[in-house]
Amino acid sequence: MISTTYTVTTAAVKIYDKTNASERIYLRATGSDVFVGGANVSTANGLKLDANAVVEIFLDGAETLYAIVNTGSHTLALLSPSQS
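Residues numbered from 1 in each chain as written. Predicted model: local features only at pLDDT ≥ 70, side-chain atom pairs only at ≥ 80, totals over all residues. Heavy atoms only, no water.

Chemist: An account of the overall build of the protein chain is needed here, citing residue identities and associated values.
Modeler: Helices and strands together make up the secondary structure of the protein chain, namely zero helices and eight strands. When the helices and strands of the protein chain are placed in sequence order, the string is β-β-β-β-β-β-β-β. A compact globule built from 84 residues should have a C-alpha radius of gyration of about 12 Å, and the protein chain, at 12 Å, falls within 12% of that. Each principal axis of the C-alpha atoms in the protein chain carries an extent, and together these give about 35 × 25 × 15 Å. Burial status across the protein chain gives 36% buried among its 84 residues. In the protein chain, of all internal contacts separated by at least 6 residues, the share reaching a separation of at least 24 is 80%. When the accessible surface of the protein chain is split by element, carbon and sulfur atoms take 47% of a total near 4,600 Å². (Helix = DSSP H or I, 4+ residues; strand = E, 2+ residues; numbered from the N terminus. Rg over C-alpha atoms; globule rule 2.2 N^0.38 Å. Buried < 20%, exposed > 50% of the residue type's maximum accessible area, 1.4 Å probe, protein only. Contact = heavy atoms within 4.5 Å. Areas by Shrake-Rupley, 256 points an atom, 1.4 Å probe, with all protein chains shown as cover.)

Below, the structure written as structure tokens:
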């Protein structure tokens, strides 16, 4: 597994890029809620990740994932398979 951290701001940040295989990834927002989704993600249409909760997401190989926060900048931890 590969552990990566991202600083997420009020502009969408790419946190996971397309791969050739379906994968499960694990996300944990620290300090504040984070919203994830496609390139057009916003706090209105994104999937809300509650602060400090670990969330498992299944992605097919063609998906790219972005994150955004409502205000400021916050950290998002991502754990993904090492073959990514």
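Chemist: Tell me about the pattern of salt bridges, residues and numbers included.
Modeler: What the rule picks out here adds up to four salt bridges. Lys48 is the salt-bridge partner of Asp33, the closest N and O atoms lying 3.3 Å from each other. Placement of the pair is Asp33 in the loop between β3 (23-30) and β4 (34-37) and Lys48 in strand β5 (residues 47-49), with a sequence separation of 15 residues. A salt bridge links Asp50 to Lys48, with the nearest nitrogen and oxygen atoms 3.7 Å apart. Here Asp50 falls in the partly exposed class, since its relative accessible area comes to 41%. The exposure class of Lys48 is partly exposed, given its relative accessible area of 44%. Within this structure, Asp33, Lys48 and Asp50 form a network of salt bridges that share partners. (Salt bridge = Lys/Arg side-chain N within 4 Å of Asp/Glu carboxyl O.)

Chemist: Mind laying out the sheet that holds strand β1 (residues 2-8), listing which residues take part and the relevant values?
Modeler: With respect to topology, four strands assemble into an open sheet ordered β1-β8-β3-β6, the strand pairing being antiparallel. Where the open sheet ends on each side, the last strands, each with one partner, are β1 and β6 (54-59). Shown here is a sheet whose adjacent strand axes are inclined to one another by a mean of 25 degrees, direction ignored. (Pairing = 2+ DSSP bridges. Axes fitted to C-alpha atoms, helices over the stretch in contact; angles between N-to-C directions.)

Chemist: With reference to specific residues and values, describe the nonpolar core.
Modeler: In terms of nonpolar packing, the biggest core is built from 17 residues, with Ile15, Ile25, Leu27, Val34, Val36, Leu65 and Leu76 touching the most fellow members. Not counting chain neighbours up to four residues away, the residues in contact with Val36 comprise Ile15, Leu27, Val41, Gly46, Leu47, Leu49, Ile57, Leu65, Tyr66 and Ala67. (Core = buried A, V, L, I, M, F, W, Y, C linked by side-chain atoms within 4.5 Å.)

Chemist: Can you tell me about unusual backbone geometry, naming the residues and giving the values?
Modeler: With a phi angle near 70 degrees, Asn52 is a residue other than glycine that sits in the positive phi range. Note on placement: Asn52 falls in the loop between β5 and β6.

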